[in-house]
Amino acid sequence: MIVLTRRITEPGPQGETGSVTLDVDSRIKSRLRVTLDDGREAGLMLERGHLLRGGELLADAEGTQLIRVLAAPEAVSTVRCADPHLLARAAYHLGNRHVPLQIEPGLLRFQHDHVLDDMLRGLGLTVEAEQAPFEPEAGAYQSAAHSHSHSHGHAHDHPFVRLPAHS
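Residues numbered from 1 in each chain as written. Predicted model: local features only at pLDDT ≥ 70, side-chain atom pairs only at ≥ 80, totals over all residues. Heavy atoms only, no water.

A.B. asks: Help me understand unusual backbone geometry in this model?
C.D. replies: Phi is mostly negative for residues that are not glycine, and the peptide bonds are mostly trans. Backbone geometry places H98, a non-glycine residue, at a positive phi of 60 degrees. The topology assignment puts H98 in the loop between α2 (84-95) and β8 (102-104). Given a relative accessible area of 40%, H98 falls into the partly exposed group. (Helix = DSSP H or I, 4+ residues; strand = E, 2+ residues; numbered from the N terminus. Buried < 20%, exposed > 50% of the residue type's maximum accessible area, 1.4 Å probe, protein only.)

Encoded structure:
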């Protein structure tokens, strides 16, 4: 099995030897067994606290395997809006619920959740459920995990915060 232990920025002369397509829930993990797109087995043994982004390159310790990470399409809700104030209000309400959020000019995207969709529609936004790669803002969680306490009475790390799915 290939063991991918480091991120690299340039492919070098040997070029890429494969790719792996992962959803965001897999890309937040630093230790994970994966199947490459060509069927080979690999393991991720990466530094903790960093979200893998689509397009990143991973290598084994020897540098003989160079694997491109691809962000898999997944069930997301997408809000497109030309009104920056309304989009900021939506981002505020989603952030207040600790929802991982992809933010682009005129667009917000989050993992599909019909309850959140309805909340945003109540603000006057149009929400589209679709299949698309999800690249959330990592914010303060990108560089390192941190500890803090919540009103629910315990302290813990949040390398990436996620709401449970509503049904």
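A.B. asks: I would appreciate a short explanation of the nonpolar core in the present structure.
C.D. replies: Note that soluble globular proteins tend to have their nonpolar side chains buried in a common cluster. Counting residues in hydrophobic clusters, the biggest one holds 15 residues, and the most contacted among them are V79, L94, L108, F110, L120 and L125. When contributions to this core are tallied by element, the ones reaching two or more residues are α2, β9 (107-111) and α3 (114-122). The contacts of L120, once residues within four sequence positions are left out, are V79, A90, L94, F110, L125 and V127. Grouped together as the second largest cluster of nonpolar side chains are 14 residues, V20, L22, V34 and A42 included. (Core = buried A, V, L, I, M, F, W, Y, C linked by side-chain atoms within 4.5 Å. Contact = heavy atoms within 4.5 Å.)

A.B. asks: What is the right way to read the pairing of β9 from this model?
C.D. replies: Taken residue by residue, a regular strand's side chains alternate between the two faces of the sheet. Among the five residues that make up β9, five are buried, leaving the element largely enclosed by the rest of the structure. Two strands pair when backbone bridges link them, and β8 and β9 are joined in this way by three bridges, in the antiparallel orientation. What sits directly across from I103, in β9, is L108. Once β8 ends, the chain turns through two residues before running back antiparallel as β9, passing G106 with a positive phi of about 75 degrees. (Pairing = 2+ DSSP bridges.)

A.B. asks: Could you clarify how one ought to interpret the sheet that holds strand β1 (residues 2-8) in this entry?
C.D. replies: The strands that make up a sheet pair up through hydrogen bonds in the backbone, lying either parallel or antiparallel. The mixed open sheet is built from six strands, whose spatial order is β2-β6-β5-β1-β4-β3. Because the sheet does not close on itself, it has two edges, and the strands there are β2 (18-22) and β3 (31-35). Taking the axes of each pair of neighbouring strands and ignoring which way they run, one obtains an average angle of 35 degrees across the sheet. Examined bridge by bridge, β2 and strand β6 (residues 66-71) share five bridges and lie parallel to one another. In the strand pairing of β6, G18 is matched with I67. (Axes fitted to C-alpha atoms, helices over the stretch in contact; angles between N-to-C directions.)

In short, shape yes, function no, at least from these values alone.
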